[in-house]
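Understanding the architecture of this molecule
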Amino acid sequence: MNLRRVARSAIQSARARRSGVDHHGYPWPPGPAGVPVLGHYRPMLTHRLRFLTEAFMAHGDVVRFHFLGMPATLLAHPDHVEQVLQKNHRLYTKQTRGYGRLREFLGNGLVTSEGEFWLKQRRIAQPAFHKKRVDGFAGAMVRAADEMVTRLERVADGGEAIDVAHEMMEITLRIAGETLLSTDPSDRAQAVGKALDVVLHEANRRINAPMVIPESVPTRRNRQYRAASKALDDIVLGIIEQRRRGTERRDDLLQMLLEAEDEETGERMDDRQLRDEVMTMFLAGHETTANMLTWTLYLLSLAPEHARRVRDEAIEVLGDRPATAADCKALQYTKQVLQESMRLRPPVWVVGRSPSEDDVVGGYRIPKGSLVFLSQWITHRHPSFWEDPEGFDPERFAPARVKAMHRSQYFPFSAGPRMCIGAGFAMMEGQLLLATMLRRLRFDLAPGHPVEMEPLITLRPKHGMKMTVHRVS
């Protein structure tokens, strides 16, 4: 931490607040009072969702913060989201502290890379996520879901509560392994899940810590982080090496990435690039989808009438046969339930950017090199765009009503050129799994189980999600 920079920034901020305008003549954005030097660091660290919500409700669409001398701005209006992620996206980079920490683990994959390198990787990877190819993975998703439901039916007979968050992590891990790497990591799911948990928590801690002990120093945390990262690397790099040596062609995403060429240069990915993309897709396709399904089952347990509508739709569309990719179009209400779940409990709850040049948003100057926060948690609750923002109402996403929406009031997969490449994959997986589960099972929140959100890199249930499972006829 550069104390001189922090002090200079604090002095400039104090002068600007007294004058009512910044040193460029733009009005100073409103914001909550901070403390000297630390600014708003502590409340953002300890009560993120509450702090951002209260700041937005008190100060409006543009809210000023500062963290250890670094100016930051929360932009909540859909017009502002559109300006940052679409209209002026080239100006807003991922050169932030958060993405820097993610690169330590994910490398330079599609989530963390920038500029020409990102564009090249996106061109190479895009064909692997063509709808026809993604549809080909529906069978693996449904087989995994059917086997899980059969096992949970036996649990239902005993009446014991299960951790649905753990179950969703396991099934999405299996699906990610089968569709991405043609391997079922279920036999090592516990080890992989534990390693991912260590990496996510440590990455989150490093993002928010004012000072980080270098990884070369053998502290207990550093040793655990290195061991967890190595465990995941060994799995992914081992599979890539086997595939390079082998003569058998697999029908999975890794094979598509191995064979894909940049249409402009003819280049292919080397092993390091493959590792970074596979690790990114493994984390994004496993962690976020598991959280989406967990929060959906929780919200449906509070609104059983909507769970019954999903069940009725699944029975009407599927009967007794397994679901297919072609059924997703008819499973419209199931899709709406998932969309409403991601509105209220977005797996990715905040997006960070840093402008490479000064910009003006909503009449306020956004300084070069500062932090910009776009929060799905906030914008998905904006009272000017959502009626009864805290209510669970899947009818919001009926096709006719979606057409009338501002195109940036809802962005669970981000938006613009950097929109998640796997959004279609995730939605198909969610629809097929939810319909398969609710056709045969009912999930009720276990009495007395504490439900608390843990906004790490993704929005997790802090204490898991204990639920009882019941067969339905």
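It should be emphasised that the depicted structure is a prediction, and the values quoted were computed from it without experimental measurement. The residue numbering used here restarts from 1 in each chain and proceeds along that chain's sequence as written. For this predicted model, a pLDDT threshold of at least 70 governs which residues receive local features, and a threshold of 80 or more governs which side-chain atom pairs are given and counted, while totals over whole chains, interfaces and linings are taken from all residues. Calculation of side-chain values draws on the structure's entire complement of heavy atoms; hydrogens and water are dropped beforehand.

**Section: the overall build of the protein chain**
A helix here means a DSSP run of H or I that spans at least four residues, while a strand means a run of E at least two residues long, and both kinds are numbered starting from the N terminus. Of regular secondary structure, the protein chain possesses 18 helices and twelve strands. Only C-alpha atoms enter the radius of gyration; for comparison, a globular chain is expected to reach 2.2 Å times N to the power 0.38, where N is the number of residues. In terms of overall dimensions, the protein chain is globule-like: its C-alpha atoms have a radius of gyration of 23 Å, near the 23 Å expected for 473 residues. In terms of overall dimensions, the protein chain has a C-alpha envelope of 70 × 55 × 45 Å along the principal axes. The buried share of the protein chain, reckoned over its 473 residues, is 56%. Taking contacts inside the protein chain between residues at least 6 apart in sequence as the whole, the part at least 24 apart equals 74%. By element, 53% of the accessible surface of the protein chain is carried by carbon and sulfur atoms, the whole surface being about 21,200 Å². Positive charges come from Lys and Arg alone, negative charges from Asp and Glu alone, with His and the N- and C-terminal ends not counted. By convention, the charge on Lys lies at NZ, on Arg at CZ, on Asp at CG and on Glu at CD. Here the protein chain contributes 67 positively and 59 negatively charged side chains, and the mean placements of these two sets differ by 6 Å. For every residue, the accessible area obtained with a 1.4 Å probe (protein chains only) is divided by the maximum for its type, and the residue is called buried under 20%, exposed over 50%, and partly exposed between those limits. Contacts are assigned to residue pairs with any non-hydrogen atoms lying within 4.5 Å of each other. Every accessible area reported is derived by Shrake-Rupley at a probe size of 1.4 Å, with residue values counting cover from the shown protein chains alone.

**Points about the pattern of salt bridges**
As a working rule, side chains carrying opposite charge can pair if their charged atoms are close by. Only one rule defines a salt bridge in this text: a Lys or Arg side-chain nitrogen within 4 Å of an Asp or Glu carboxyl oxygen. Taken as a whole and assessed by the stated rule, the structure comprises 34 salt bridges. Here Glu-264 ties to Arg-123 by a salt bridge, and the two come within 3.9 Å at their closest N and O atoms. Here the residue Glu-264 occupies a position in the loop between α12 (253-259) and α13 (271-302), and Arg-123 occupies one in helix α6 (residues 115-125), the gap between them amounting to 141 residues. Here Glu-264 falls in the exposed class, since its relative accessible area comes to 60%. Glu-287 serves as the salt-bridge partner of Arg-460, at 2.6 Å between the closest nitrogen and oxygen. Here Arg-460, found in strand β11 (residues 459-461), pairs with Glu-287, found in helix α13; they are 173 residues apart in sequence, far enough to count as distant. Here Arg-460 and Glu-287 have matching classes, each one buried.

**Considerations on unusual backbone geometry**
Positive phi values are uncommon outside glycine, yet Val-37 reaches one of about 65°. Among the secondary structure elements, Val-37 is positioned in the loop between α1 (3-19) and α2 (41-46). Positive phi is not limited to glycine here, since Asp-388 has a value of about 50°. Residue position: Asp-388 is located in the loop between α16 (376-379) and α17 (399-403).

**What to know about the pairing of strand β2 (residues 70-75)**
Pairing between strands is defined by DSSP: at least two bridges between the two strands are required. In this structure, strand β1 (residues 62-67) lies alongside β2, joined through six bridges in antiparallel fashion. From the neighbouring strand, Arg-64 faces β2, where its bridge partner is Thr-73. Between the antiparallel neighbours β1 and β2 lie two residues, among them Leu-68 with a positive phi of about 55°. Relative to strand β8 (residues 371-374), β2 is paired through four bridges, and the arrangement is parallel. Residue pairing across strands places Leu-74 opposite Phe-373, the latter belonging to β8.

**Side note on the sheet that holds strand β9 (residues 441-445)**
The three strands are arranged β4-β12-β9 in an open sheet whose pairing can be described as antiparallel. Here the strands that pair on one side only, and so sit at the sheet edges, are β4 (161-163) and β9. On average, adjacent strands in this sheet sit at an angle of 45° to one another, irrespective of strand direction. Pairing of β4 with strand β12 (residues 466-471) involves three bridges; the strand directions are antiparallel. Residue pairing for β12: Ile-162 is matched across the bridge by Met-467. Contacting β9 and β12, α13 crosses the sheet at an angle of about 80° to β9. Geometry is summarised by axes, namely lines fitted to C-alpha atoms with helices restricted to the contacting stretch, and by angles between N-to-C directions that run from 0 to 180 degrees.

**Regarding the packing of α13 against helix α18 (residues 423-440)**
α18 packs onto α13 with a crossing angle of 40° between their chain directions and a minimal axis gap of 11 Å. By the angle class used here, α13 and α18 are oblique. Relative to α18, α13 is oriented so that their crossing is right-handed. Residues Gly-285, Thr-289, Met-292, Leu-293, Thr-296, Leu-297 and Leu-300 of α13 pack against Ala-426, Glu-429, Gly-430, Leu-433, Leu-434, Met-437 and Leu-438 of α18. Should an angle fall under 35 degrees it is called roughly parallel, over 145 degrees roughly antiparallel, and 65 to 115 degrees roughly perpendicular, with every other angle called oblique. Handedness of a helix crossing follows the sense of rotation of the near helix relative to the far helix, less than a right angle counterclockwise being left-handed and clockwise being right-handed.

Shape is all these values report; function is a separate question.
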